[in-house]
Structures are given as C-alpha cells and as structure tokens.
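Below are the chains, spelled out letter by letter.
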Amino acid sequence: MPLMWGCYCLQYLDKTLINYANVMGLQQDANITKGQFSNLALIFYVTYLAFEFPHGYGMQRFPTAKYLGSMVALWGVIVTVTAACKNYGALVTTRVLLGVFESAVAPSLILITSMWYKRNEQPPRVGIWYLGTGTGTIIGSLISFGFQHYDSNTFTSWQIMFLVVGLVTVCVGILVVFLLPDNPMKSRLTHEEKVWAIERLRENMTGIENKHMKFSQVLECLRDPQTWLLSLITISSNVPNGAVSSFQATLIKGFGYDSKHTALLQIPSGAVSIVAILSATYLAGRFNQRGIQLVLLLIPGMLGGALMAFLPAGNKAGKLIGNYLTNAIGSTLPLLYSWVAANYAGHTKKVTMNAILLMSFCLGNIIGPLSFTPASAPDYIPAKITIGKFQGEHVSSKPIVTCAFAACVTIVLQFYYIRENKRRDGLKAAGDLGHIHDIEFSDRTDRENKEFRYRL
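What counts and how
- Residues numbered from 1 in each chain as written.
- Predicted model: local features only at pLDDT ≥ 70, side-chain atom pairs only at ≥ 80, totals over all residues.
- Heavy atoms only, no water.
- Helix = DSSP H or I, 4+ residues; strand = E, 2+ residues; numbered from the N terminus.
- Buried < 20%, exposed > 50% of the residue type's maximum accessible area, 1.4 Å probe, protein only.
- Contact = heavy atoms within 4.5 Å.
- Areas by Shrake-Rupley, 256 points an atom, 1.4 Å probe, with all protein chains shown as cover.
- Core = buried A, V, L, I, M, F, W, Y, C linked by side-chain atoms within 4.5 Å.
- Expected span 1.5 Å × (residues − 1).
- Phe/Tyr/Trp six-rings, centres within 6.5 Å; stacked < 30°, edge-to-face > 60°.
- Lys NZ or Arg CZ within 6 Å of the ring centre and 35° of its normal.
- Patch = residues over 30% accessible without salt bridge, like charges linked within 9 Å, V, L, I, M, F, W, Y side chains within 5 Å.
- Salt bridge = Lys/Arg side-chain N within 4 Å of Asp/Glu carboxyl O.
- Axes fitted to C-alpha atoms, helices over the stretch in contact; angles between N-to-C directions.
- Parallel < 35°, antiparallel > 145°, perpendicular 65-115°, else oblique.
- Left-handed = near helix turned anticlockwise from the far one by under 90°.
- Nonpolar A, V, L, I, M, F, W, Y, C, P; charged D, E, K, R; others polar.
- Polar contact = N/O pair within 3.5 Å; in protein donor to acceptor, adjacent residues only side chain to side chain.
- pLDDT = per-residue confidence, 0-100.

Chemist: Run through the overall build of the protein, naming residues and quoting values.
Modeler: If you tally the helices and strands in the protein, you get 21 helices and zero strands. In the protein, which comprises 456 residues, the share counted as buried stands at 60%. Restricting to contacts in the protein with at least 6 residues of sequence separation, those with at least 24 account for 82%. Just so you have it, the protein exposes about 17,500 Å², and 67% of that area is on carbon and sulfur atoms.

Chemist: Kindly report on the nonpolar core, identifying the contributing residues and their values.
Modeler: Residues Leu 68, Trp 129, Met 161, Leu 230 and Tyr 337 are the most contacted members of the largest nonpolar core, which totals 105 residues. Broken down by element, the residue count for this core peaks at nine residues, all from helix H1 (residues 2-22). In contact with Leu 68, not counting residues within four places along its chain, are Cys 7, Val 105, Ser 108, Leu 109, Ile 112, Val 176 and Leu 180.

Chemist: Describe helix H15 (residues 267-287), and please don't skip the residues or the numbers.
Modeler: Relative to the 30 Å expected for 21 residues at 1.5 Å per residue, H15 spans 31 Å between its end C-alpha atoms, a close match to the ideal helical length. With its phi angle positive at about 55°, Asn 288 sits one or two positions after the end of H15.

Chemist: An account of the packing of aromatic side chains is needed here, citing residue identities and associated values.
Modeler: Across all of its chains, the model carries 15 aromatic pairs by this definition. Between Phe 62 and Tyr 67, the aromatic rings sit 6.4 Å apart at their centres with planes inclined by 5°, giving stacked as the arrangement. With relative accessibility at 15%, the residue Tyr 67 sits in the buried group. Through successive ring pairs, a cluster of aromatic residues spans Trp 339, Tyr 416, Tyr 417, Phe 452 and Tyr 454. The ring of Phe 452 is capped by Arg 119, whose NZ or CZ atom sits 4.7 Å from the centre of that ring. Between Arg 286 and the ring centre of Phe 287, over which it is positioned, the NZ or CZ distance is 5.1 Å.

Chemist: Talk me through a nonpolar patch on the surface; I want residue IDs and the actual numbers.
Modeler: On the surface, Ile 174, Leu 175, Phe 178 and Leu 179 cluster together to form a nonpolar patch covering roughly 410 Å² of accessible area. Position of Leu 179 among the secondary structure elements: in helix H10 (residues 157-179).

Chemist: Describe the packing of H1 against helix H6 (residues 88-102), and please don't skip the residues or the numbers.
Modeler: Relative to each other, H1 and H6 sit at 165°, their axes nearing to 11 Å. Viewed along their axes, H1 and H6 adopt a mutual orientation that is roughly antiparallel. Our pair here, H1 against H6, has a crossing hand that is left-handed. Mapping the contact onto sequence places Leu 10, Gln 11, Asp 14, Lys 15 and Ile 18 in H1 and Arg 95, Leu 98 and Glu 102 in H6. Of the residues belonging to the contact of H1 with H6, the class tally is three nonpolar, one polar and four charged.

Chemist: How would you explain helix H5 (residues 64-81) if you had to name every residue and give the values?
Modeler: Along its 18 residues, H5 runs 26 Å from first to last C-alpha, staying within 8% of the 26 Å computed at 1.5 Å per residue. With 13 of 18 residues buried, H5 lies mostly within the body of the structure.

Chemist: Can you explain the pattern of salt bridges? Please cite residues and give values.
Modeler: Evaluation of the coordinates by the stated rule reveals eight salt bridges. Of the charged contacts, one joins Glu 420 and Arg 424 as a salt bridge, the two residues approaching to 3.0 Å between their closest N and O atoms. With Glu 420 and Arg 424 both in helix H21 (residues 401-429) and four residues apart, the pair spans about one turn of that helix. Across the pair, Arg 424 and Glu 420 agree in class, each one buried. Residues joined by salt bridges that share partners form a network here, namely Glu 220, Asp 224, Lys 349 and Asp 446.

Chemist: An account of the side chain of Glu 420 is needed here, citing residue identities and associated values.
Modeler: A relative accessible area of 8% means that Glu 420 is categorised as buried. Reaching out from Glu 420, the side chain makes a polar contact with the side chain of Arg 423 at a distance of 2.6 Å.

Chemist: Kindly report on the environment of Ile 274, identifying the contributing residues and their values.
Modeler: Of note, Ile 274 is situated in helix H15. The sequence separation of Ile 274 and Tyr 130 amounts to 144 residues, and the corresponding C-alpha distance is 8.9 Å. Among residues more than four places away in sequence, those in contact with Ile 274 are Leu 131, Gly 134, Thr 135 and Ile 138.

Chemist: Any chance you could break down the confidence of the model for the protein for me, citing the residues and the numbers?
Modeler: Averaged over every residue, the pLDDT of the protein is 84; the share at 70 or more is 88%. In this model, residues 388-399 is a region of pLDDT below 50 whose contacts with residues beyond four sequence positions or in other chains number 17 contacts.

Chemist: Explain the environment of Ile 366 to me, and be specific about the residues and the numbers.
Modeler: Inspection of the secondary structure assignment puts Ile 366 in helix H19 (residues 347-370). Note on Ile 366: relative accessible area 14%, which makes it buried. For the pair Ile 366 and Leu 42, spaced 324 residues apart in sequence, the C-alpha to C-alpha distance is 5.4 Å. Not counting chain neighbours up to four residues away, the residues in contact with Ile 366 comprise Leu 42, Tyr 45, Val 46 and Leu 49.

Chemist: Give me the packing of helix H9 (residues 132-147) against H15: which residues, what numbers.
Modeler: The geometry of H9 relative to H15 is characterised by a closest axis approach of 7 Å and an angle of 165° between their N-to-C directions. One element, H9, and the other, H15, form an angle in the roughly antiparallel class. When the axes of H9 and H15 are compared, the crossing they make is left-handed. Within the contact between the two elements, H9 uses Thr 133, Gly 134, Thr 135, Thr 137, Ile 138, Ser 141 and Leu 142 and H15 uses Ile 267, Ser 269, Gly 270, Ala 271, Ser 273, Ile 274 and Ile 277. Class assignment for the residues of the contact of H9 with H15 results in six nonpolar, eight polar and no charged.

Chemist: Quick one: what's the story with the side chain of Gln 60, residue by residue and with numbers?
Modeler: With respect to the helices and strands, the residue Gln 60 is situated in helix H4 (residues 52-61). Within the structure, Gln 60 has its side chain in polar contact with the side chain of Thr 348 (distance 3.0 Å).

Listed below in structure tokens is the structure:
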C-alpha cells in the first residue's frame, strides 16, 4: 500500500506542478499567454485518454508491477526535463509525454488491488492509495511555498521545483520495479501463504490474472449497460474536478492573494480530500454501498460550486470555502475504481473497463479546463459556472447540472445492479443454476457466471 500510495501521490503531484508553477512565474519566464497555459492542461488529458487502451494491452501482456514502475520512472524523467523548458513548444512536448506515461498508473493500481483484496476490502484499499490526491495537494502546496523562497541565478523557483520532484519520482519508479509484486503467485510469500492469498479471493469470482487477450470479453464490456452508466457518471463528475485540479492556484490567486499565500491556502483542499476519501471508502466497504457514498460526496461539491460562482467578489472567505468544498467531488473516483474492481470479472473485460473508465475521466477533465478562457480572466466566471453550472442570468432553483446528472445516473446504476441480482437469485431458486467447480478462477466474465452478484 505505501508503494501504491506513492505512485498515485506523485502522479497527482507531477501533473499539477504546472498549477503551482503558474503562480511562481511560469507564464512570464516561458513567454506564454493565458490561453496557451489553459491548453497545457488540456493537452495532458488528450494524450492521457489516447493511451489508455495501449496501456491496457501492455498491462495484460507484461508483468503489471514492472510495467507500472517503468512508467513511473519515465514520467519522472519528463518532469525533471520540464525544468529546462523555456518556451511554449517545449512545455507542450513535456505535457504530451507526461500524459502518455501517467495514464498507466490508475488502471495498474486497480488491477493490483483486485488481485490481492476481497471485494469488501477493496474500497478502503483503493481509498488508501487514492489519498495521493489529498496528500499530493498538501505536499505540492508546501513545496511551492518553500521553493518560492529560493533565489538563484541558475534556476528559477519553479524550475528547481520540477527538477527535485522529478528526481524523486524516478527513484520511486525504480523501487516499484524491484519491490512491488506483479501478483500473489510471484510475490515473496511462502508457498502456503500464496495458496492462502489466492484462495481467500475465491468469493470475488473475478479471477486473479490472465495474460491472454480475449476479444469476446472486449465486446461484452462494450455491450454491458453498466459500462456506459459508469462512464457517464465519471465524465459528468469530473468536469468540475478538471477545472479545480488544473486551475486551483489560479482561482485562489484571482481572489486577491499573493503567490506565497496562494500556495498555503491550497492545503485545506488536500485536507478536505483526505477526510472525504477516508470516510466514503470506509463506509462503502463497511456497508457495501458505493453508490450512496458517491451521491453524498457530490452534494458538498454542488454547494461549493455555487458559492464560488455567485458570492459577491469581495467575499473572499466564502469563495475559498466554496473552492475547498469542490474537492469532495474528486473523492468520488476511488468509489468508481472499486466498483469496477468488484463488479467486472474476466481479466480482459476488467482491463478494457479500466481503460474506458480512465478515458471517461479524461473527457471530464478535458471539458473542465476549456472553460478557462483568456477573455474571462481574472474572475473566470465561465469556469466557476462549469464547476457549479446554472442556466440563465439568475441562479436557478435546479441542482447544479453536472453533479446532479452524475447523482441521477448513479441511482439508475444502483437499480440496475439490484434488478440483475434479483433475477439471478430467481434463477437459483428455480433450480436453473448449478455450481461449476472452480468457476471462481476460470476467467469467466460477470455475465457468463450466473453465480456472480454485483456489489452496490
């Protein structure tokens, strides 16, 4: 778990370093416009999206942990060389490559989690490594504040920040290659411990690992209703998340704070994420209710978006509180990760769904930064309305559109799972289902195995 947390923390920190660098003078030093800076956030998610399926194939063909560690080390190199970027073209190149390598981390961690933990254990374990977002925000804020006191003729403050964090990332990637096991069978456990580690997962009915790509499972994933319901939830909930994660420092500075205070004022955002992640994932695992926890996390996000968009300009405290509340929205993602880990059986189907989920995450994050236009600076009203979207000139009585839509689709997905479980219970009661020996490890999909029951 510490290694997995380290990977996700650095993934979040490294992609958002540009957010901190922007208030440390990046735009002026690299001679880029506000519109070009907005494009840098967009470009990262475009390449992140494009490489999800290639990474899915790579993770199935090669040892998962070794593949993950290699990608971590490679994006660490990219973060390191970002310190040498002096113009827009160089920054675009590094953001493209960063998206290519970072896009492997989440699907790898989802696969590894499902190889080691029971379905009721998965939400809190996903929550532990997903804490990298909250802790990454706090670490990034402190690093930014510290390096703003650095003065040298050789490096600017943001350059030395990229250099140091990039080298740390490379070291963590090397540790992952050598220390993180690819699966229970290849771990340093004794033979008896390996048997126990695998046997305890029999109740999951999702298998452990299979290195053969099965095209029939890809097609089944694409035809499965839960795939597209999960995709819609992920896209809609990540529209505001994309705006907050890439532009949080810019938004806070726009409230009237200087660069150093802006860095420190992002720390409570990380604290909100940590509390939201720990509480929601614990309750999801304890009560087998991912959907309810997801909806509950969207409510403070809606409130935060409304505060940011419609409080008077002089109410800095209220706008800051709104900004902090929106960080609860990003905490829905570990619940979606654990839903996929628990409710998709068949290794190829699981790998395919991981790619679709992360592509959906990217689409939401692509839409979010598009609302940060140069013409709307410094208030970025369209972006604040994207975070909390209302129709017309006045505040509508309707819920905020993107988060409310995600909540509604979540409820639909809950009913789908309940109905499907009842249908299968009916088949069992009628005697139409018989147990097949070792079907739990046969690489059957959740739709092929009628003994499988979906987690809510």
